[in-house]
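Summary of the model geometry
What follows is the residue order along each chain.
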Amino acid sequence: MVIKKIINYIYGYLRIVVEGYYIERFINICRNKNYMMWNIKKVNDINIALNIEIKHFKEICKIAKKTQCKISIKAKRGLPFLLNKYKKRKLFALFLIFVLAIIFFSSHFVWNIEIVEENGLVIENIMEDIQEAGLKIGTLKNDVDTKEIINKVRLERDDIAWIGIELKGTNAIVRLVKADEKPEIVDEDEYCNIVSNKNGVITKINAQDGTANVKVGDTVSVGDVLINGWMEGKYTGIRYVHAKGEIEARVWYTMSKTIPYTTTEKQYTGDIETNYAIKMNNFKINFPKGVSKFEFYDTIETENKIKLFSNFYLPISVVKTTYQQYEEIEKTYSVEEAKKIGIQEIEEELESQIENKENIVNKNINTYENENSIDIYVTYEVLETIGTNEKIVF
């Protein structure tokens, strides 16, 4: 909201009064044409006052004539009118030249880094790696070697399939494509074993190519060979193959939690405080200064950089800090309530890890009551297909 006010002040706006019997029609037509109107106030049944942008004044006058309404200008506000008022004053002219020089000087630096991740796939900690590679806020654009930065980032990350950097105005746009996470694929003409990728107990094994190394009832760990990539014949001897087969095992998913009988929870009151600050690079001015008067509160901070055009950012931003008040409420659970809460939380987390819930064959719950809490252990027994190819290295 503050940024919009600043932008409207820079470009200038008019405070007008519209008079007529078809004011609603007038407003609807203006809105359909996406003309910005704000601070609309009803004066009486046939008069309203509102703010409009200078650039739409002529078109709005035509709409008023079409809807049989009259328009009168109540006030002219903003920088253009201020410049016109003081254009003959040398001091103001010097100030304007100074401001324009600052804007020109700022145009040679990067003041914003925009990360665009294709397909909405989030790449964690990418901003830190980009900055370490040499693209930072306040960097001179001539010193930004996009090819070198791209190479450094790709050397550090194996989860990026493609990266591109484009400098527009004072904005650096970094576009990224996340690499697909695929297991290592062994070609059909290469020799390989099938090894276990999970801990469990074998319930079924069928070696189509290769020699089974385990049998039903065997306990296996991650990395154990399930089907060897070789076969032995009476007359042919040992012959290496690309192992194939079906292996099924009982796999266990276990999780535990401790749920206290008495806990403190947040209860928001709905009261908030809002402070604003102007930030210029690393220098910050708070309006007003000080901390929240609330005893307990959450702090939410948002920063919006000021820009003159779509990709022309200035080294100035408006920081909005919101304090949300809450009260600490002590809540006491019975043993059964604590048990129910803990079991539900664990089950939700465990089931999010299991690909097919229909394969759950057993669920075991153990609880141990303490003086001030209850310990809960939940185990899911699941029938799953296991095994992954591992190349045979001679």
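Residues numbered from 1 in each chain as written. Predicted model: local features only at pLDDT ≥ 70, side-chain atom pairs only at ≥ 80, totals over all residues. Heavy atoms only, no water.

**Some words on the confidence of the model for the protein chain**
In regions of low pLDDT, the predicted coordinates are not meant to be interpreted in detail. With 94% of its residues at a pLDDT of 70 or more, the protein chain has an overall mean of 87. The secondary structure element of the protein chain with the lowest average pLDDT is helix H1 (residues 2–11), at 70, and the one with the highest is strand E21 (residues 373–385), at 95. (pLDDT = per-residue confidence, 0-100. Helix = DSSP H or I, 4+ residues; strand = E, 2+ residues; numbered from the N terminus.)

**Let's talk about the nonpolar core**
Soluble globular proteins: nonpolar side chains tend toward being buried together. Counting 26 residues, the largest nonpolar core has Ile202 and Ile386 as the members making the most contacts within it. For this core, the leading source of residues is strand E15 (residues 244–260), giving six residues. When residues no more than four places from it in sequence are discounted, the contact partners of Ile386 are Ser196, Asn197, Lys198, Ile202, Val220, Leu226, Ile247, Ala249 and Val251. (Core = buried A, V, L, I, M, F, W, Y, C linked by side-chain atoms within 4.5 Å. Buried < 20%, exposed > 50% of the residue type's maximum accessible area, 1.4 Å probe, protein only. Contact = heavy atoms within 4.5 Å.)

**Looking at the pairing of strand E20 (residues 360–369)**
One ladder, built from nine bridges, connects E20 with E21; its direction is antiparallel. Among the inter-strand pairings, Thr367 is bridged to a residue of E21, identified as Ile376. Taken together, E20 and the strand that follows it, E21, pair antiparallel across an intervening segment of three residues. (Pairing = 2+ DSSP bridges.)

**Side note on the side chain of Asn51**
Looking at where Asn51 falls in the secondary structure, it is placed in strand E3 (residues 47–53). Reaching out from Asn51, the side chain makes a polar contact with the side chain of Arg15 at a distance of 3.1 Å. In contact with Asn51, other than residues within four places in its own chain, are Tyr13, Leu14, Arg15, Met36, Met37, Trp38, Asn39 and Arg77. (Polar contact = N/O pair within 3.5 Å; in protein donor to acceptor, adjacent residues only side chain to side chain.)

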